[in-house]
Amino acid sequence: MGGKQLGFLDYELTTAKKQTKREKFLSEMEVVVPWQALIDLIEPHYPKTSKKGGRPPYPLATMLRIHLLQQWYSLSDPAMEEALIEVPTMRRFAGIELISDRIPDETTILTFRHLLEKHDLGQQIFETVKAHLSTRGMTMRQGTIVDATLIAAPSSTKNKEGKRDPEMHQTKKGNQWYFGMKVHIGVDKDSGLIHSVVATAANVHDLTPTAELLHGDEEVVYGDAGYQGITKRPEMAGHSAVFRVAMRPGKRRALPYTPEGRLEDLIEAAKAHVRAKVEHPFRVIKQQFGFQKTRLRGLAKNRCKINVMAALTNLFLARGHLLAAA
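Residues numbered from 1 in each chain as written. Predicted model: local features only at pLDDT ≥ 70, side-chain atom pairs only at ≥ 80, totals over all residues. Heavy atoms only, no water.

Draft legend 1. Molecular detail of the side chain of Lys-305. Relative to the helices and strands, Lys-305 resides in helix α13 (residues 299-317). Buried and unpaired, Lys-305 has no salt bridge, with Asp-77 as the nearest side chain of opposite charge at 8.9 Å. Not counting chain neighbours up to four residues away, the residues in contact with Lys-305 comprise Gln-71, Phe-291 and Leu-296. (Helix = DSSP H or I, 4+ residues; strand = E, 2+ residues; numbered from the N terminus. Buried < 20%, exposed > 50% of the residue type's maximum accessible area, 1.4 Å probe, protein only. Lys, Arg positive; Asp, Glu negative; His and termini not counted. Salt bridge = Lys/Arg side-chain N within 4 Å of Asp/Glu carboxyl O. Contact = heavy atoms within 4.5 Å.)

Shown next as structure tokens:
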């Protein structure tokens, strides 16, 4: 028998000098997530160690970190459990030492998500992060951009009921039918951060939840052509904000090539330039964090998820500012 063979982990630790993309991302999130505020929020609802003995619950900090890893990397409960076994970076981030600690299994991970859903903690996590950003000088006050995006739901009927998710609906966009839900957001026109989020079935018109997306102090509200007619809605009666809604595309294409027509086109371009900011959070949610299809059934679960996603998106978009301040 020669010298001791290097194990996998030893090999990793001796050769891994270059920081991977994942390590860089997680080291940034380590700094920007307001861990203590979130733990204080969830703690009252988290199971305590029982006096009768039995297995103590996993540390809340570990379960919260695992839940956020799931959102960032779009992992199902079983895939999250596997990632903790296989990926040292994720294990370290969750605060698990492989030798001594049990790794939470998929049921434990699921139970933690159910706890967040049951106590409506998704919404409160979103509010806690907003408050955190506000104390760091990122307030969202002057103007709001409203928009909605579709998140597909599996149209599969391979489940107990043999039906598609009854709370999801189909809608037509362009010439294409989509089945799923719609995420409506209100974004601050200066910082590009999300200040309100509403989840509905896909067939709910963009206009319907608009009032819920406004905080009431806006001086100006921007929306795409889907928000035409917003000022005529009864729930908008008390709003003093100026609405800058895009012209319908057909009407814009038909503008005459006259000084007036060209001026109108320039105004539309200026409105679109501001509105583009609302696409950044959607890009983060769908591309960066991979939330393009629902994995959970029902709107309540997806509402909880999308609130957590919105909180994480704000932290991701504001990370430069937060890291500089730290």
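Now that the structure has been shown, the text picks up again.
Draft legend 2. Highlighting the nonpolar core. Within the largest apolar cluster, 73 residues are counted, with the highest numbers of intra-cluster contacts made by Trp-72, Met-80, Phe-112 and Leu-133. At 10 residues, the largest contribution of residues to this core is made by α13. With sequence-adjacent residues up to four places away left out, Phe-112 is seen in contact with Ile-42, Tyr-46, Leu-60, Met-63, Leu-64 and His-67. With 13 residues, the next largest nonpolar core counts Val-146, Ala-148, Tyr-227 and Ile-230 among its residues. (Core = buried A, V, L, I, M, F, W, Y, C linked by side-chain atoms within 4.5 Å.)

Draft legend 3. Region of the structure containing the pairing of strand β3 (residues 176-188). In terms of burial, β3 is a largely internal element, 10 of the 13 residues being buried. For strand β1 (residues 143-152) and β3, the ladder comprises nine bridges, and the chain directions are antiparallel. By the bridge assignment for β3, Leu-150 is matched with Lys-182. Where strand β2 (residues 169-173) folds back on β3, the antiparallel hairpin that results is connected by two residues, among which Gly-174 adopts a positive phi of roughly 65°. Inspection of the sheet shows β3 paired to strand β4 (residues 194-201) by seven bridges, in the antiparallel sense. Opposite Val-183, over in β4, you have Ala-199 as the bridge partner. Hairpin remark: β3 followed by β4, antiparallel, with five residues in the connecting loop; positive phi at Gly-192, about 75°. (Pairing = 2+ DSSP bridges.)

Draft legend 4. Focus on a negative patch on the surface. Together, Glu-82, Glu-86, Asp-105 and Glu-106 make up a negatively charged patch on the protein surface. Following the sequence through the fold, Glu-86 ends up in helix α5 (residues 77-86). (Patch = residues over 30% accessible without salt bridge, like charges linked within 9 Å, V, L, I, M, F, W, Y side chains within 5 Å. Areas by Shrake-Rupley, 256 points an atom, 1.4 Å probe, with all protein chains shown as cover. Charge placed at Lys NZ, Arg CZ, Asp CG, Glu CD.)

Draft legend 5. Local environment of the environment of Arg-65. Relative to the helices and strands, Arg-65 resides in helix α4 (residues 60-72). As a C-alpha pair, Arg-65 and Gly-186 span 121 residues in sequence and 27 Å in three-dimensional space. The residues contacting Arg-65, other than those within four sequence positions of it, are Glu-30, Trp-35, Phe-93 and Ala-94.

Draft legend 6. Representation of a nonpolar patch on the surface. A contiguous nonpolar patch, built from Leu-263, Leu-266 and Ile-267 and spanning about 300 Å² of accessible area, is present on the exposed surface. Turning to its location among the elements, Ile-267 is positioned in helix α11 (residues 259-275).

Draft legend 7. Examining the packing of helix α8 (residues 121-135) against α13 more closely. In the contact formed by α8 and α13, the axes pass within 7 Å of each other and the chain directions differ by 15°. Between α8 and α13, the angle is such that the two are roughly parallel. With respect to the hand of their crossing, α8 and α13 are arranged in left-handed fashion. Here Gly-122, Gln-123, Ile-125, Phe-126, Val-129, Lys-130, His-132 and Leu-133 of α8 come into contact with α13, specifically with Cys-304, Asn-307, Val-308, Ala-310, Ala-311, Asn-314 and Leu-315. (Axes fitted to C-alpha atoms, helices over the stretch in contact; angles between N-to-C directions. Parallel < 35°, antiparallel > 145°, perpendicular 65-115°, else oblique. Left-handed = near helix turned anticlockwise from the far one by under 90°.)

Draft legend 8. How the structure looks around the side chain of Gln-71. As for its placement among the helices and strands, Gln-71 is situated in helix α4. Residue classification places Gln-71 among the buried residues on the basis of a relative accessible area of 4%.

Draft legend 9. Up close: α8. With 15 residues, α8 should reach 21 Å at 1.5 Å per residue; the first-to-last C-alpha distance of 21 Å fits that figure. Those residues of α8 that sit buried are Leu-121, Gly-122, Ile-125, Phe-126, Thr-128, Val-129, Lys-130, His-132 and Leu-133. Structurally, α8 contributes buried residues whose contacts are with α2 (21-32), α3 (35-42), α7 (106-118), β4, α13 and α14 (319-325). Positive backbone phi, approximately 85°, marks Gly-137, located one or two places after α8. (Expected span 1.5 Å × (residues − 1).)

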